[in-house]
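One-letter residues, chain by chain:
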Amino acid sequence: METMKLALRWMVIGMAIVINADDALANSPCRLSSADLQAATGRTFNEGEVTITATGISMCVYTEKDKPKRRVTLEVSSDNAEKQFESKMRLLQLGKKSIVLPGVGDKAYFNGTAAGVLKGDTFFSWGQLRRSSEPELKPENVIALLSKTISE
């Protein structure tokens, strides 16, 4: 009888995980095409693939066509979005140079390699937009990328 109860509990837990993953995939973080990403970065990418992080956040991974081990990520989260935004921005802020990016969403940042935008109760976080050895991205290209991200 105890074995049956334990098996039933694990089945319910497994179903909950599948339901949560299905919800996350239905609200896909792959909001932009590879062409949109190319317009912002100047590099070519494969179309995005959805994954779920260990913390349950939906993430889209775009692999670079010429260098498949390099990737750009987009995480989309509605769980404590403003708190996550502020925390990530503090983490990425180096020195006294402001990383605030005006003119997009409720709040936005760009530190040269990563960008994020808060729109309502959703936080969109782009990671690895460029490597330090690559040419700098134009802020207007990043603003266009973030604007398109929140409009899709």
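One structure accompanies this document, and this report is about it. Just so we're clear, the structure is a prediction, and the values are computed from it rather than from any experiment.

What counts, and at which threshold
Residues numbered from 1 in each chain as written. Predicted model: local features only at pLDDT ≥ 70, side-chain atom pairs only at ≥ 80, totals over all residues. Heavy atoms only, no water. Disulfide = S-S within 2.5 Å. Helix = DSSP H or I, 4+ residues; strand = E, 2+ residues; numbered from the N terminus. Buried < 20%, exposed > 50% of the residue type's maximum accessible area, 1.4 Å probe, protein only. Pairing = 2+ DSSP bridges.

## Examining the state of the cysteines
Moving on, step 1. Scanning all chains against the criterion turns up 1 disulfide.
Moving on, step 2. Two residues share a disulfide in this structure: cysteine 30 and cysteine 60, whose sulfurs sit 2.1 Å from each other. On the sign convention where negative is left-handed, the bridge of cysteine 30 and cysteine 60, at about 100° about the S-S bond, is right-handed. With cysteine 30 in the loop between helix H1 (2-26) and helix H2 (34-41) and cysteine 60 in strand S2 (residues 58-63), the pair connects residues that are 30 residues apart, well separated along the chain.
Moving on, step 3. When its relative accessible area of 23% is taken as the criterion, cysteine 30 is described as partly exposed.

## A closer look at the pairing of strand S1 (residues 49-52)
When a strand is regular, its side chains alternate between the sheet's two faces.
Moving on, step 1. Where S1 meets S2, 4 bridges bridge the pair, whose relative direction is antiparallel. Bridged to isoleucine 52 within S2 is serine 58.
Moving on, step 2. Taking the residues between adjacent antiparallel strands as the criterion, S1 and S2 are bridged by 5 residues, where glycine 56 takes a positive phi near 90°.

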